[in-house]
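# Summary of the model geometry
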Amino acid sequence: NLFGAKRRVLDALGVDSHQEGVVAYQDAENNRVDPVVVDDGPVKEVFDDDPDLEDIPIVYHSEHDTGHYITAGIQVADLPHTGVHGQGVHRMVRKDSTTLGLWAPEERRVGYAYRVNGDEDEPTELAIVIAPQPEVFMGSIANVPHSIDKYSIGGAFRGEPVELVECETIDVMVPANAEMVIETKVHPEGT
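A few points on the structure. Quick caveat: nothing in here was measured; it's all calculated off a predicted structure. (Residues numbered from 1 in each chain as written. Predicted model: local features only at pLDDT ≥ 70, side-chain atom pairs only at ≥ 80, totals over all residues. Heavy atoms only, no water.)

## Quick word on unusual backbone geometry
When glycine is set aside, most residues are seen to have a negative phi, and most peptide bonds are trans. So the rule is basically this: A run of H or I in DSSP becomes a helix once it reaches four residues, and a run of E becomes a strand once it reaches two; helices and strands are each numbered from the N terminus. The classification of residues rests on relative accessible area computed with a 1.4 Å probe and restricted to protein chains. Under 20% of the type maximum is buried, over 50% is exposed, and intermediate values are partly exposed.
The backbone of aspartate 121 shows a phi angle near 55 degrees, a positive value even though the residue is not glycine. Relative to the assigned elements, aspartate 121 resides in the loop between helix H3 (109-119) and strand S7 (124-130). For aspartate 121, a relative accessible area of 60% gives the class exposed. Positive phi is not limited to glycine here, since alanine 131 has a value of about 60 degrees. Secondary-structure assignment places alanine 131 in the loop between S7 and helix H4 (134-140).

Rendered as structure tokens:
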């Protein structure tokens, strides 16, 4: 739904049919390209140390929604004790100018990170990546084991490593070529 039409996804993959798209995903999963860390990138051009979520165009999608939702952000939370960058795409509702609500079930990577960190009474550092390169987004939704870094699948789609930079306020790596990153911590009690 994000790309508006199946044809756009197939075009992005450089294929003509659904079956060829499945094969392209399988090829990317089997021929991963590890990400590389760089010092700088477009996502670092502007830094706001006092952000206000009311200033970000977060849309109200449907009359049945409970509020304004970020629907295409990639949540990134490092998976505890693994070194793997956990990624997922989950809707996030804006609750006020500084708070987002997130539903991430614990069988998914971000929910798993939150549960394990919470069991150790530690916060989960979370980056919300807005508008990365399409291949990075497509890699982030791959259905692969938690031991596989989804940035490497994005790299396979790109045919070259995804460039990552370190966040400004948390210890999470994000795509250098994203439009925006929201950095936060989710504490064990859910705040």
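So, next bit.
## What to know about the pattern of salt bridges
Operational definition: When a carboxyl oxygen of Asp or Glu is within 4 Å of a side-chain nitrogen of Lys or Arg, the pair counts as a salt bridge.
For the coordinates displayed, the defined rule picks out eight salt bridges. The residue arginine 7 makes a salt bridge to aspartate 11 at a minimum N-O spacing of 3.0 Å. In this pair, arginine 7 and aspartate 11 both sit in helix H1 (residues 6-13), four residues apart, roughly one turn of the helix. When the shortest N-O distance is used, the salt bridge between glutamate 160 and arginine 158 registers 2.5 Å. Here glutamate 160 falls in the partly exposed class, since its relative accessible area comes to 39%. A residue is classified by how much of its surface remains accessible, and arginine 158, at 24% relative accessible area, is partly exposed. Connected through shared salt-bridge partners, Glu106, Arg115 and Asp119 make up one network.

## Brief notes about the packing of aromatic side chains
In plain terms, the rule: Any pair of Phe, Tyr and Trp rings, taking the six-membered ring for Trp, is counted once the centres come within 6.5 Å. Such a pair is stacked with planes under 30 degrees apart, edge-to-face with planes over 60 apart, and tilted for the rest. Only lysine NZ and arginine CZ atoms are considered, and such an atom sits over a ring when it is within 6 Å of the ring centre and within 35 degrees of the ring normal.
This model, assessed by the stated rule, comprises one aromatic pair. For the ring pair tyrosine 25 and phenylalanine 157, a centre distance of 4.9 Å and an interplane angle of 80 degrees mean the geometry is edge-to-face. Of this pair, tyrosine 25 sits in helix H2 (residues 18-30) while phenylalanine 157 sits in helix H5 (residues 150-158), and the two are 132 residues apart along the sequence. The ring of tyrosine 69 has arginine 91 lying over it, and the distance from NZ or CZ to the ring centre is 3.8 Å.

## Points about the environment of arginine 8
Assignment of secondary structure puts arginine 8 in helix H1. Owing to a relative accessible area of 52%, arginine 8 belongs among the exposed residues under this scheme.

## Re H5
Defined as follows: Whenever a nitrogen or oxygen atom comes within 3.5 Å of another N or O atom, the pair is scored as a polar contact, on the condition that within protein one atom can donate a hydrogen and the other can accept it, and that pairs from neighbouring residues in sequence are kept only if both atoms are in side chains.
Across the nine residues of H5, seven count as buried, placing the element largely inside the fold. Residues of H5 that are buried include every one of Lys150, Tyr151, Ser152, Ile153, Gly154, Gly155 and Phe157, and no others. Residue aspartate 149 occupies the N-cap position of H5, its side-chain oxygen lying 2.9 Å from the main-chain nitrogen of tyrosine 151. Positive phi shows up at glycine 159, right after H5, with a value of about 80 degrees.

## Re the sheet that holds strand S9 (residues 173-175)
Pairing between sheet strands relies on hydrogen bonds along the backbone, with the strands arranged either parallel or antiparallel. Formally: Here, any two strands with at least 2 DSSP bridges between them count as paired.
Taking strand neighbours across the sheet as the criterion, the three strands line up as S1-S8-S9 in an open arrangement whose pairing is mixed. Of all strands in the sheet, those with a lone pairing partner are strand S1 (36-37) and S9, marking the two edges.

## Quick notes on the nonpolar core
Spelled out, the test is: Residues belong to one nonpolar core when they are buried, are Ala, Val, Leu, Ile, Met, Phe, Trp, Tyr or Cys, and are joined through side-chain atoms within 4.5 Å.
In this structure, Ala127 and Val174 are the most contacted members of the largest nonpolar core, which totals 19 residues. Listed by contribution, the elements that provide at least two residues to this core are strand S3 (74-78), S7, H4, strand S8 (163-166) and S9. In this structure, Ile70, Val84, Ala113 and Ile182 belong to the second largest nonpolar core, which totals 13 residues.

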